[in-house]
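Close look at the chain arrangement
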Amino acid sequence: MSAQLWALAVVGAIVLAAAGLETFRSRRARRRVFAASPTPSVPRRGAAPMNGEEPYILYFTGDSCTVCRTHQEPALARLGDVRIDKVDAVNERVLADQFHVYTLPTTVVMGADGNALHINYGYAAAPKLERQLADARGAGLRSAATA
Amino acid sequence: MSTPTQVVDHSALKVNQTGIIATVLVAFIGSAVFRPLLVLIPLLAIALLLGTFAPQLALFKQLYFKVLKPRGVVKPRPVQDRPEPHNFAQGLGGVFLAVASIFLIPLPVVGLALSLLVAVLAFVNLAFGYCVGCQIFFQLERRGLIRA
């Protein structure tokens, strides 16, 4: 029995270490993106914005990402009339590296000016994205008021 | 980005993950009172590795396709997806269990820990849809080490 208990302790330690490492990686990646001067920005892709100058979402995905299809895309669909720019993280590596994309899915909430405001490494639920979009709209209004 | 044209039945994946978790748990807990149950670990490694290279030999998936699905016990859940990352993840699980099998007799703590780790990762995939093997596949693909 003691071998089982030791094994359980080892796996527990590995799981805790992995969780800690994941937190560290996402914080470091986020810090690097926002520490870059200027903050990474992306020119609008494809068609003109649907609602004038509105924040939008840069959505990094890939063919090998199952969570993207089963969880992230339904969450993005729930956001309604929000522009989503889908990026293949494997084919568009330069852009993915700019945002330190190390896991899929990764969602970046971009301000109306095309600057990154929030980054989510891994699955981001619809309410979280809605909050970030609301914050991005507020930031847009504040910058317009001070201009 | 090309949308995958293949369809993967995610119920087959879930049955596979459930089978892995159940087998490892029986071996892990059962071996405390009946040590020969440890033989389930190398058997599972063989089943996973065989299933990776020859899907018709994938034990739990065949259980789903031949028994559970036709009898309506588990409903199919087809999703447009690529099978390669899932196969890679299964193969990785098989390799970990094969390494665990080598350690089971001389260093049981290492062998049991590796086996339990495979079960934990299968559980994370089953419960939260997060596939660690698929993430490793993405990283290798991104670095050009695996070509789809």
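Relevant structure appears above.
Report on the accompanying structure. (Residues numbered from 1 in each chain as written. Chains lettered and ligands numbered in written order. Predicted model: local features only at pLDDT ≥ 70, side-chain atom pairs only at ≥ 80, totals over all residues.)

1. Side note on the pairing of strand β3 (residues 106-110) of chain A
Residues and elements named next belong to chain A. A large share of β3 lies buried, amounting to 5 of its 5 residues. Inspection of the sheet shows β3 paired to strand β4 (residues 116-121) by 5 bridges, in the antiparallel sense. Counted as the bridge partner of T106 is Y121 from β4. Hairpin connection between β3 and β4: a loop of 5 residues separates the two successive antiparallel strands, and G114 in this loop has a positive phi of roughly 90°. (Buried ≥ 20, exposed ≤ 12 C-beta atoms within 10 Å, placed from the backbone. Helix = DSSP H or I, 4+ residues; strand = E, 2+ residues; numbered from the N terminus. Pairing = 2+ DSSP bridges.)

2. Quick notes on the interface of chain A and chain B
Contacts between the two partners involve 28 residues from chain A, matched on the other side by 27 residues from chain B. For the side of chain A that touches chain B, the element with the most residues is helix α1 (residues 2-35) of chain A, which contributes 9 residues. In terms of residue class, the side of chain A that touches chain B is built from 14 nonpolar, 9 polar and 5 charged. (Contact = placed C-beta atoms within 7 Å. Nonpolar A, V, L, I, M, F, W, Y, C, P; charged D, E, K, R; others polar.)

3. Some remarks on the sheet that holds strand β1 (residues 56-61) of chain A
Where strands meet in a sheet, backbone hydrogen bonds hold them as pairs that are either parallel or antiparallel. All names here are of chain A. In spatial order, the strands read β2-β1-β3-β4; together these 4 strands make up an open sheet with mixed pairing. A strand with exactly one partner marks an edge of an open sheet, and here the two such strands are β2 (84-88) and β4. Taking the axes of each pair of neighbouring strands and ignoring which way they run, one obtains an average angle of 20° across the sheet. The sheet contact formed by β1 and β3 spans 5 bridges and is antiparallel. Its bridge partner lying in β3, I57 is registered against V109. (Axes fitted to C-alpha atoms, helices over the stretch in contact; angles between N-to-C directions.)

4. Remarks on unusual backbone geometry
Residue and element names in this part refer to chain A. In this chain, L104 is followed by P105 through a cis amide linkage whose omega measures 0°. Note that P105 resides in the loop between α3 (93-98) and β3. The phi torsion at H100 lies on the positive side, around 50°, for a residue other than glycine. Mapped onto the elements, H100 comes out in the loop between α3 and β3. For H100, a count of 19 C-beta atoms within 10 Å puts it in the partly exposed group.

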